[in-house]
Amino acid sequence: MSSSVRVWLAEKPSFGKDLAKALGNPRRLDRYAWETDRGIVVAAAGHLVELAEPQDYEEKWAQWLPENLPMIPPGWNFLYKRNEKKYDRLKGIGKYLTKATEIVVATDAGREGEYIAWAIFEFYDLHRLPKKRLWTSGANVSAIAKAAKEESLLPYDEKYPLAEAARIRAESDWVEGLNLTRLLTTRYQPADYREPISVGRVQTAALAIIVRRHLEIENHKPEKYFNLAIDVTAANQPVRLMHRPSEEDRIKDASEARRIIDAVRGQTISLKVDSQIKNEAPPKLFESSSLQIRAYNLWGWPADKTEKLSQALYDEHKLISYPRTDGIHLEDEQWYDVRDILRNISALSSAKSVQLKGEQKFADFPLHVPDYDGLQPRDTVFNSKALEKSGADHHGIIPTTEPANLDELTEDERKLYLLIVRQFLAQVLPDCRYAQKSISWTHDSRRFAATGRVIKMQGWRVLFNDADQAAEASENEVEQEEEPQNLPDLNDGERGQIDRAFAEEKFTIAPPQFTEGSIISAMRDLNKVVKDKALREKLKHAKTIGTKSTWGETIKKLKDRMYITSHRGKLSPTILGVDLVALCDKELPTLVDPTATAALEFMLSDVEKRKCEPAQARKILQSRNVDAIRRCLNIESATLRAPPQAARKAKANKKFDGKPKPFKDFDGGSHALVVPFDDREQVKALGGRFNGETKRWHLPKKEHAEADLRGRGWLK
């Protein structure tokens, strides 16, 4: 190596390979590194360095004994150690990093990417080395090349606060999670439950949301109320007007309903008729949570499945921008990529044969691609200032300029990719234009009304169909109480006769069970579940628990630990989940207070934006950790009951004789793969099956081309 060496640190081999191409004339040095015209590229594989285990501080902490608690590193100084499973990779990139004179951090552009790089620098003591930051939302070569230009590289310090926030979160979660889990497990673990009683800042708050909804449903007592209706004839045409008050103004007294009905019956009235032509803009670009929610409402996918598939579309296929984003805008300059993206969409002739839901398929995208030269960018979409103001690290999820071969994608990857393509294409189509009409009459401040809409020009709606409307209604928690009616053509002030007036007896219904889609929506915005006015006041600035990259994994953990079950996508707590929340409600209230968790998340977000000093954030979280541990140590008694499935699992484990289950091959046969350890999660996400006898992963021949698998290095 020469005296002046720049090393570029990528987070994954796939990105490292494309980064090397973008830097020019790549020559492979070994499994982990490439030499290029602008320096050496090395590829990590996720977290190569991690927080040390308790026994790395004190030998006695290896044992799960209450008398050994609390476990707090001396002076709150945390140790970091190598991930033994990935040590070869760490050594492989370390030999280049330790000889570098400058490092360009090219890990994923976000909080975790910063943390992964920081931990490697901590392990090799490289913090003082000069550094720069490559920041891109695209993983294809052209996007990387643009971000890797010398003038585009950022000072390393500009994004460093993201690493600080990630460290503070991880270290606080280490203290709180490990101490409370060991205390609750050693004292209150049910006899038939073999897993630890795991608790944590985000997962236990999410569990509390699910448990409280379950109890609300169980304890719901229907209350009677009345909606009112009048049938009116005006200009020899009938129309029905309804009075449906808001929840707080509902008519609950039958005599009050009768009084109003008697008062209006037979009246001749003057109708207010309002008719307007309105424009409806397309739905916003997807960000990670809205994509997960829509995928659930269309296909019933758990959030972690959508997350893995979108990561594959980004990492492996280079077809979409960075998916772990909460941005819904694009940079102004991205308008110049639209021509290439539209050209690629024009080639997606097979999109119309891909199933959307049931009998319905995606629209024929090429048919609706507009001429780029006749377009103007929407300022609600292509708006750098709005993106910056939102505080999002990345722009909304869009297709890249990379052309797609749909045949090379799995069925689920195709669906998700086309969903993202369609959302983007909608942004460059005209608004939907519709005529909205309302006919109303007010009696003693009570408004009776009917509304209707007529589509005049479909615009972007030409891409969408009934399946999308049903999904949209689920996401907005809309209950359709009335059939839409065709309204008569009346003039404002038209006189009408009330022919009939009557009351409809209704009963309140319990809120719906959470689904794998609606729980993500609730974690993203606690206003959907918090009704208390005082608590809602706290949510004006802090309304989110967890982060976009952890929501799917959090729900998966709750299922794996048997705190909740999922039946046809609907989530219910187990008896263990209910008991654990009841225990925490009494003894550890901050753990099951979503608003407190949201406030901490907001504080960490402020650390990222330099609005909160890291030392102050650490102090607040350390105080919370110590208080929670003290409260847990002082619990006098508690009972936790094992869920029925825990006993079944224990019984099944006793029957296990150590032999792997017989392998069930795919219909039509499969490819037997040689998969590196770092790629196993990708194979799982593609639907792979593991043969325990041959120790090989398999993917179905029907869905995966041999050439593609060879290109990935999985077929020899």
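Note: the structure precedes this text.
Residues numbered from 1 in each chain as written. Predicted model: local features only at pLDDT ≥ 70, side-chain atom pairs only at ≥ 80, totals over all residues. Heavy atoms only, no water.

Pairing is mixed in the open sheet, where seven strands are placed in the order β2-β3-β4-β1-β7-β8-β9. What marks the edges here is a single partner per strand, and that holds for β2 (27–30) and β9 (154–155). Where strand β1 (residues 6–10) and strand β4 (residues 39–43) come together, four bridges link them in parallel fashion. The residue of β4 that forms the bridge with Leu9 is Val42. (Pairing = 2+ DSSP bridges. Helix = DSSP H or I, 4+ residues; strand = E, 2+ residues; numbered from the N terminus.)

Turning our attention to the sheet that holds strand β22 (residues 689–691). If you trace the three strands from one edge of the open sheet to the other, you get β21-β23-β22, paired in antiparallel fashion. At either end of the open sheet lies a strand with only one pairing partner, and these are β21 (670–673) and β22. Taking each pair of neighbouring strands and ignoring which way they run, the sheet shows an average axis angle of 35°. Here three bridges tie β22 to strand β23 (residues 696–700), and the two strands are oriented antiparallel to one another. Within the sheet, the bridge partner assigned to Arg689 lies in β23 and is His698. (Axes fitted to C-alpha atoms, helices over the stretch in contact; angles between N-to-C directions.)

This brings us to the side chain of Thr574. Its location among the elements puts Thr574 in the loop between β20 (570–573) and α18 (575–587). Exposure remark for Thr574: the relative accessible area of 7% places this residue in the buried category. Setting aside chain neighbours within four positions, we find Thr574 in contact with Met562, Tyr563, Ile564, Thr565, Pro643 and Gln645. (Buried < 20%, exposed > 50% of the residue type's maximum accessible area, 1.4 Å probe, protein only. Contact = heavy atoms within 4.5 Å.)

Judged by nonpolar contacts, the single largest core of 88 residues is most densely connected at Leu9, Val42, Ile93, Leu97, Ile120, Leu184 and Ile519. It is helix α5 (residues 156–188) that provides the largest number of residues to this core, a total of nine residues. Val42 has contacts with Val7, Trp8, Leu9, Ala10, Tyr32, Ala33, Ile93, Tyr96 and Leu97, leaving out every residue within four places of it along the chain. (Core = buried A, V, L, I, M, F, W, Y, C linked by side-chain atoms within 4.5 Å.)

The next thing to look at is the pattern of salt bridges. Side chains that carry opposite charge are capable of pairing whenever their charged atoms lie near each other. According to the stated counting rule, one finds 49 salt bridges in the structure shown. Salt-bridge contacts for Lys12 lead to Asp108; the nearest nitrogen and oxygen are separated by 2.6 Å. Of this pair, Lys12 sits in the loop between β1 and α1 (13–23) while Asp108 is found in the loop between β7 (102–106) and α3 (111–124), placing the two residues 96 residues apart along the sequence. Its salt-bridge partner being Lys132, residue Glu150 comes within 3.4 Å of it at the nearest N-O pair. Taken together, the residues Glu150 in the loop between α4 (141–147) and β9 and Lys132 in strand β8 (residues 131–133) connect sequence positions 18 residues apart. When its relative accessible area of 26% is taken as the criterion, Lys132 is described as partly exposed. (Salt bridge = Lys/Arg side-chain N within 4 Å of Asp/Glu carboxyl O.)

In this fold, Ser137 is placed in the loop between β8 and α4. For Ser137, a relative accessible area of 11% translates into the label buried. Among the polar contacts listed, one links the side chain of Ser137 to the side chain of His394, at a separation of 2.8 Å. Excluding residues that lie within four positions of it along the chain, Ser137 makes contacts with Tyr314, Ser321, Tyr322, His394 and His395. (Polar contact = N/O pair within 3.5 Å; in protein donor to acceptor, adjacent residues only side chain to side chain.)

The subject of this paragraph is the packing of aromatic side chains. Counting across every chain of the model gives 17 aromatic pairs. Ring geometry for Phe121 against Tyr156: centres 6.3 Å apart, planes inclined by 70°, an arrangement best described as edge-to-face. Here Phe121, found in helix α3, pairs with Tyr156, found in helix α5; they are 35 residues apart in sequence, far enough to count as distant. A ring pair is formed by Trp299 and Trp301, whose centres lie 4.6 Å apart and whose planes are at 40°; its orientation type is tilted. For Trp299, a relative accessible area of 14% translates into the label buried. When its relative accessible area of 5% is taken as the criterion, Trp301 is described as buried. Every member of this aromatic cluster is reached through a ring pair, and the members are Tyr57, Trp61, Phe78 and Trp174. It is Arg500 that lies over the ring of Phe502; its NZ or CZ is 4.0 Å from the centre. (Phe/Tyr/Trp six-rings, centres within 6.5 Å; stacked < 30°, edge-to-face > 60°. Lys NZ or Arg CZ within 6 Å of the ring centre and 35° of its normal.)

Each neighbour pair has its own omega, and for Leu69 with Pro70 the value is 5°, a cis peptide bond. The topology assignment puts Pro70 in the loop between β5 (49–51) and β6 (80–82). A positive phi angle, near 50°, is found at Asp444, a position not held by glycine. Inspection of the secondary structure puts Asp444 in the loop between β16 (432–443) and β17 (446–457). Look at Asp444 and you get exposed, because its relative accessible area is 57%. The backbone phi angle of Arg568 is positive, close to 55°, even though this residue is not glycine. As for its placement among the helices and strands, Arg568 is situated in the loop between β19 (564–567) and β20.

At a minimum axis separation of 10 Å, helix α9 (residues 303–315) and helix α13 (residues 411–427) run at an interaxial angle of 80°. On the basis of the axis angle, α9 is roughly perpendicular to α13. In this structure, α9 contributes Lys305, Thr306, Leu309, Ser310, Ala312 and Leu313 to the contact, and α13 contributes Asp412, Glu413, Leu416 and Tyr417. Of the residues assigned to the contact of α9 with α13, the class counts are five nonpolar, two polar and three charged. (Parallel < 35°, antiparallel > 145°, perpendicular 65-115°, else oblique. Nonpolar A, V, L, I, M, F, W, Y, C, P; charged D, E, K, R; others polar.)

In this sheet, strand β3 (residues 33–36) lies alongside β2 in antiparallel orientation, the contact comprising three bridges. If you follow Arg27 over to β3, its bridge partner there is Glu35. Following β2, the chain reverses through two residues before pairing antiparallel with β3.

Turning to α3, a few remarks are in order. Taking 1.5 Å as the rise per residue, α3 with 14 residues should run 20 Å; its terminal C-alpha atoms sit 20 Å apart, in good agreement. Burial analysis of α3 places ten of its 14 residues in the buried class, which makes it a mostly covered element. When we look at burial in α3, the residues that qualify are Arg111, Gly113, Glu114, Tyr115, Ile116, Ala117, Trp118, Ala119, Ile120 and Phe121. Asp125 sits one or two residues past α3 and shows a positive phi near 55°. (Expected span 1.5 Å × (residues − 1).)

Because an α-helix completes one turn every 3.6 residues, residues spaced three or four positions apart along the sequence face the same direction. With 16 residues, helix α6 (residues 203–218) ought to run about 22 Å at 1.5 Å a step, and its terminal C-alpha atoms sit 23 Å apart, in line with that. Along α6, the residues that are buried comprise Gln203, Thr204, Ala205, Ala206, Leu207, Ala208, Ile209, Ile210, Val211 and Arg213. Residues of α6 that are buried in the fold lie against α15 (518–524), α17 (551–560), β19, β20, α18 and α19 (594–608).

Everything listed is a geometric property; what it means functionally is a separate question.
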